[in-house]
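Each chain is listed here by its residues.
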Amino acid sequence: MSYPKIGIRPTIDGRWGGVRESLEEQTMGMANRAKELIERELRYPDGSKVECVISPTTIGGGAEAAKCEEYFSTQNVVGTLTVTPCWCYGSETMDLNPNTIKAVWGFNGTERPGAVYLAAVMSAYAQRGLPAFSIYGHEVQDKDDKEIQADVAKKILDFARGAIAVGIMKNKAYVNLGSVSMGIAGSCIDIDFFQKYLGMRAEWVDMVEILRRINLGIYDHEEYEKALAWVKEHCKEGFDVNEGKTLPEVITKSRFIEEDKQWEFCVKHALIVRDILHGNPNLAKLGWHEEALGRNAIAGGFQGQRMWTDWLPNADFTESILASSFDWNGKRAPIPFATENDSLNSVSMMFGWLMTNKAAIFSDVRTYWSREAVKRVTGKELTGKAANGILHLINSGASCLDGSAAARDAEGKGCMKEWWNLSDGDVKACLDATDWCRANYEYFRGGGYSSHFRTQAEMPMTMLRVNMIEGVGPSMQVIEGYSCVLDKEVHKTLDDRTDRAWPTTWFAPILNDAAAKSVYDVMARWGANHCAIVHGHVGDRLLTLASMLRIPVALHNISEDRIYRPHAFGGFGTSDLESQDFKACEYYGPLYR
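Residues numbered from 1 in each chain as written. Predicted model: local features only at pLDDT ≥ 70, side-chain atom pairs only at ≥ 80, totals over all residues. Heavy atoms only, no water.

Caption draft 1: Representation of the nonpolar core. Residues Leu81, Trp105, Leu198, Met350 and Phe351 are the most contacted members of the largest nonpolar core, which totals 98 residues. If you tally residues by element for this core, the top one is helix α5 (residues 150-169), at 12 residues. Every residue in contact with Leu81, bar those within four places of it in the chain, is listed here: Ile6, Gly7, Ile8, Arg9, Ala34, Ile38, Ala103, Val104, Trp105, Ile135, Ile156 and Phe159. Ranked by size, the runner-up nonpolar core spans 48 residues in total, among them Val205, Cys266, Leu322 and Tyr449. (Core = buried A, V, L, I, M, F, W, Y, C linked by side-chain atoms within 4.5 Å. Buried < 20%, exposed > 50% of the residue type's maximum accessible area, 1.4 Å probe, protein only. Helix = DSSP H or I, 4+ residues; strand = E, 2+ residues; numbered from the N terminus. Contact = heavy atoms within 4.5 Å.)

Caption draft 2: View of the packing of aromatic side chains. All chains considered together, the criterion is met by 24 aromatic pairs. Residues Phe193 and Tyr197 carry aromatic rings whose centres are separated by 5.9 Å and whose planes lie at 40° to one another, so their mutual orientation is tilted. One end of the pair is Phe193 and the other is Tyr197, both in helix α6 (residues 191-197) and four residues apart, which spans about a single turn. You'll find Phe193 and Tyr197 in the same group, each marked buried. Plain terms: the ring middles of Phe572 and Tyr587 are 6.1 Å apart, the flat faces sit at 40° to each other, and that makes the pair tilted. One end of the pair, Phe572, is in the loop between β23 (553-556) and α20 (577-588); the other, Tyr587, is in helix α20, with 15 residues separating them in the sequence. According to the relative accessible area criterion, Tyr587 is exposed, its value standing at 57%. Here a set of aromatic residues connected by ring pairs shows up, and it is made of Tyr174, Phe193, Phe194 and Tyr197. The residue whose ring lies beneath Arg255 is Tyr441, and the NZ or CZ to ring-centre distance is 3.8 Å. For the cation-ring pair, Lys385 lies above Tyr482, with the distance from its terminal atom to the ring centre recorded as 4.1 Å. (Phe/Tyr/Trp six-rings, centres within 6.5 Å; stacked < 30°, edge-to-face > 60°. Lys NZ or Arg CZ within 6 Å of the ring centre and 35° of its normal.)

Caption draft 3: Expanded view of the packing of helix α15 (residues 371-378) against helix α17 (residues 488-496). At their nearest, the axes of α15 and α17 sit 10 Å apart, and the two run at 95° to each other. Here α15 is positioned roughly perpendicular relative to α17, judged by the angle of their axes. Here Val374, Val377 and Thr378 of α15 lie close against α17, whose contacting residues are Val490, Thr493 and Leu494. Residues belonging to the contact of α15 with α17 are distributed by class as follows: four nonpolar, two polar and no charged. (Axes fitted to C-alpha atoms, helices over the stretch in contact; angles between N-to-C directions. Parallel < 35°, antiparallel > 145°, perpendicular 65-115°, else oblique. Nonpolar A, V, L, I, M, F, W, Y, C, P; charged D, E, K, R; others polar.)

Caption draft 4: Structural detail: empty space enclosed by the protein. Under the defined criterion, the tally for this structure stands at four cavities of 30 Å³ or more. Taken as a whole, the largest cavity encloses approximately 70 Å³ of empty space. What lines the largest cavity is a set of 13 residues, and nearest its centre among them are Gly304, Thr309, Asp316, Glu319 and Thr339. Classifying every residue of the lining of the largest cavity by side-chain character gives three nonpolar, seven polar and three charged. (1 Å grid on protein atoms, 1.4 Å probe; cavity = no way out; pocket = protein on both sides within 12 Å on 5 of 7 lines; lining within 4 Å. Points joined across faces, edges and corners; volume = space filled by probe spheres on them.)

Caption draft 5: Geometry of the pattern of salt bridges. The final tally for this structure, using the stated rule, is 37 salt bridges. Between Glu372 and Arg371 there is a salt bridge, with its nearest N and O atoms 3.6 Å apart. Linked through salt bridges whose partners overlap, the residues forming this network are Lys154, Asp158, Arg161, Glu480, Asp540 and Arg562. (Salt bridge = Lys/Arg side-chain N within 4 Å of Asp/Glu carboxyl O.)

Okay, structure coming up:
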């Protein structure tokens, strides 16, 4: 795999005869330290270290800038970090490649004016219509100080993380399995959005392709037996919500797959969908060469309702297992995969995953519960993080099993982890925390199984959603908060009022005086019926990524001191950062035009 890389450009005062020679070691030292920082702290989704390349020469003018660009063009460089401790010639040394994400670190020292070059080159980037991120340390350092201060390191990493995410998405595909589900707008895929904003291809595969592969045996039969045995051992069945119901004939006569064959069907479905997304070289050994290739997908979604689920088992098992950080083959990177083919929520899952390397939870934004309403129906008070009210985030059973928070950190607290940091005990705990309830036949006539758990730990979480707005284009919503662990009786009372066989996360947004004045405001202003949730308070990372992609953020609770966007955005206004963001994104337009 040719990984996307960060290219580091050490720029220097080009005057030979003592000036340049005296700065070579210091300038290249900055480049090497930045490289070491990025490669130490950041990982690709497969767990390997993010790679950086450094220009073969310091850059004192246009000839050396061209030499650097020629080298970077062979290295799949998606973002460039220019570093310097001194004055350089701005427009002669700047990165003029319109296809790279750009940042400049100007060393804050008094011996040489690195900060003056930073200001000069930011001016040049703004004039040329090339948004670039400015990195300037808060404290003055001595010229021989080799420490990268914390505020500088954070900006370097936020820039590099976002740029790498942009590169990972580029030239990948979103695969629609099916089409529009129940009129949900997010499943009406916008090709221009994927192509122009994300650099991704949109592909469609009719759901009948899954039936073709099941009936013709186009899957790895050995892996199927392995997966089925794993399911029988680890996926315990929960309660049956249909028990005791007198169902009408239109439901009872609609189930095509016999009850004792439903797990077999669901396992084949999961294998086949994964193969469609990523390919499987073992299929070529069976003579299915085209099918072995896959669709080069990074994300996808399954329509399901209702043309499939009215007679066949639902895809909840497939969706939850693909989105999780493990399966019958062990630990592996999660796949952002949306129920109801909500492509915009799949993109939200993808953004959250790329910013954390952790699985994202897919949820309905189901109910706002005020503390008064909870007291009325349960007789008990909400406390702790939940005291101001909570959102009931619940899904039909397609949430990643990581969302159970059964994994444990070093202090023994529940958490969600990068897949490579999961222990075998963590995986077992997540499986043990989840049972699989029979699908509600009133919703899913064809049957299937829904994952069922509740998030078991109070954790920092970030809730997000990409929306499409006529007159604006894509915009994003980002709310940080906490998952909450409710009193068991309170949980049961509230959960029993809705779809109790589905996975639940109770979420308490962090409130502020702006967009999130109350929990009710967050619910009332949310842009769609779905959201993605990721572990950690990473809203600042998401805002940085959105600015790279020219996607404005319409609702967020991130404090101003944590917002990091290209320096040129400041030219679109300073007193209202939301308006500034919208104006800048509108002017610069999609990243790929």
